[in-house]
Amino acid sequence: MTRFRITLEYDGTDLIGWQENRQGPSVQSILRDAIFAFCAVRPDVVAAGRTDAGVHALGMVAHFDLDGAFDANTVMRAVNFYLTDKPVVILSCDAVADDFNARFDCTARHYRYVVLNRRAAPVLNKNRVWWVPRELNVDAMRAAATRLIGHHDFTSFRATQCQAKSPIKTLDACNIITDGDNVIFEFSARSFLHHQVRNMVGTLVEIGLGKPYDIDEIFAARNRSAAGPTAPASGLYFISADYSTDASHSDI
């Protein structure tokens, strides 16, 4: 048996998310079908993050096991052949130690959220940004974003259906940059709660539109209704995952 670590790019527009189920095509099901077409097995494919419907990835990391004398280059070329015309592609593939785990060995996850802030609606980037036609106060959003960084109880920013054992998380970075009409939010943490990034972005955008949200008061409320709306999935991207050789296998 050989364990392979892969890095993926995908367009989540027409997918139900990472997780395979019977409701429609997922990243996981598309990958497993392509692997099956290559070598007649459908291995479990474990990802660094289980993205929701409509969320994209530029560098999702995952792993799976295969029996047989397959080298990484052959696996990548063969699986990508069967991914032709699918919204998923393998960018890199490497054979790794049998105990590598794309989920539990991950020491940091990096997300990007893109807001298109202009009066005209998106055409080329439709389903890949959140269109906000009213002008945003970026300085106000940056000031609020600094309050999100650190070790906090993020109850007010978690989805009501979130199954994480604890709402306590440490947000390592929350940066906001502008690129033409795009306002780009970048977040880094070891792990995130369900919808945490989208709820933080929704709140920051409301602040940018002049709404009187106070981040410290939102934290203190420990209630989802205290924060802003959930930003659409279309603007969210899983960028990359970090690993170290001594990463813990403990649950996150």
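For the structure, check the block above.
Residues numbered from 1 in each chain as written. Predicted model: local features only at pLDDT ≥ 70, side-chain atom pairs only at ≥ 80, totals over all residues. Heavy atoms only, no water.

**Quick look at the overall build of the protein**
The following threshold applies: The helix and strand labels rest on DSSP assignments: H or I over at least four residues marks a helix, E over at least two residues marks a strand, and numbering proceeds from the N terminus. In this treatment the radius of gyration is a C-alpha quantity, and the globule benchmark scales as 2.2 Å times the residue count to the 0.38 power. Only protein chains enter the calculation, and the probe is 1.4 Å; a residue is then buried if its accessible area is under 20% of its type maximum, exposed if over 50%, and partly exposed in between. The contact rule is simple, with two residues in contact once any of their heavy atoms fall within 4.5 Å. Charge counting treats Lys and Arg as positive and Asp and Glu as negative, with His and both chain ends excluded. By convention, the point assigned to a charge is CZ for Arg, NZ for Lys, CD for Glu and CG for Asp.
In terms of regular secondary structure, the protein is built from five helices and ten strands. By the compact-globule yardstick of 18 Å for 252 residues, the protein fits well, its C-alpha radius of gyration being 19 Å. If one aligns the C-alpha atoms of the protein with their principal axes, the spans along those axes are about 60 × 40 × 30 Å. Within the protein, buried positions represent 51% of all 252 residues. Sequence-distant contacts, at least 24 apart, represent 70% of the contacts inside the protein between residues at least 6 apart. For the protein, the distance from the average site of its 26 positive side-chain charges to the average site of its 29 negative ones is 6 Å.

**Overview of the pairing of strand β9 (residues 182-189)**
Definition in use: Two strands pair under a simple rule: DSSP has to find at least two bridges between them.
Summarising burial for β9: seven of the eight residues are buried, a large majority. One ladder, built from eight bridges, connects strand β5 (residues 106-116) with β9; its direction is antiparallel. The residue of β9 that forms the bridge with V114 is I184. In terms of strand pairing, strand β8 (residues 168-179) meets β9 through eight bridges, oriented antiparallel. Across the sheet, residue D179 finds its bridge partner in β9, namely N182. With antiparallel pairing between neighbouring strands as the criterion, β8 and β9 make up a hairpin whose turn holds two residues, including G180 at a positive phi of roughly 65 degrees.

**Quick look at the packing of helix α1 (residues 27-39) against helix α2 (residues 72-82)**
Counted only if it meets this: In this analysis an axis means a line fitted to C-alpha atoms, helices contributing only their contacting stretch, and an angle means the value between N-to-C directions, from 0 to 180 degrees. Roughly parallel covers angles under 35 degrees, roughly antiparallel covers those over 145, roughly perpendicular covers 65 to 115, and oblique covers all other angles. Crossings are classed by handedness, with left-handed meaning an anticlockwise turn of the near helix from the far one by less than a right angle and right-handed meaning a clockwise turn. Residues are sorted three ways: Asp, Glu, Lys and Arg are charged, Ala, Val, Leu, Ile, Met, Phe, Trp, Tyr, Cys and Pro are nonpolar, and all the rest, Gly among them, are polar.
In the contact formed by α1 and α2, the axes pass within 8 Å of each other and the chain directions differ by 110 degrees. The angle between the axes of α1 and α2 places the two elements in the roughly perpendicular class. As α1 runs across α2, the sense of the crossing is right-handed. The segment α1 lies against α2, with L31, A34, I35, A37 and F38 engaging T74, V75, A78, V79 and Y82. In the contact of α1 with α2, the residues fall into nine nonpolar, one polar and no charged.

**Here we look at the environment of T84**
Note that T84 resides in the loop between α2 and β4 (88-96). A residue is classified by how much of its surface remains accessible, and T84, at 48% relative accessible area, is partly exposed. Residues T84 and E206, spaced 122 residues apart in sequence, show a C-alpha to C-alpha distance of 40 Å.

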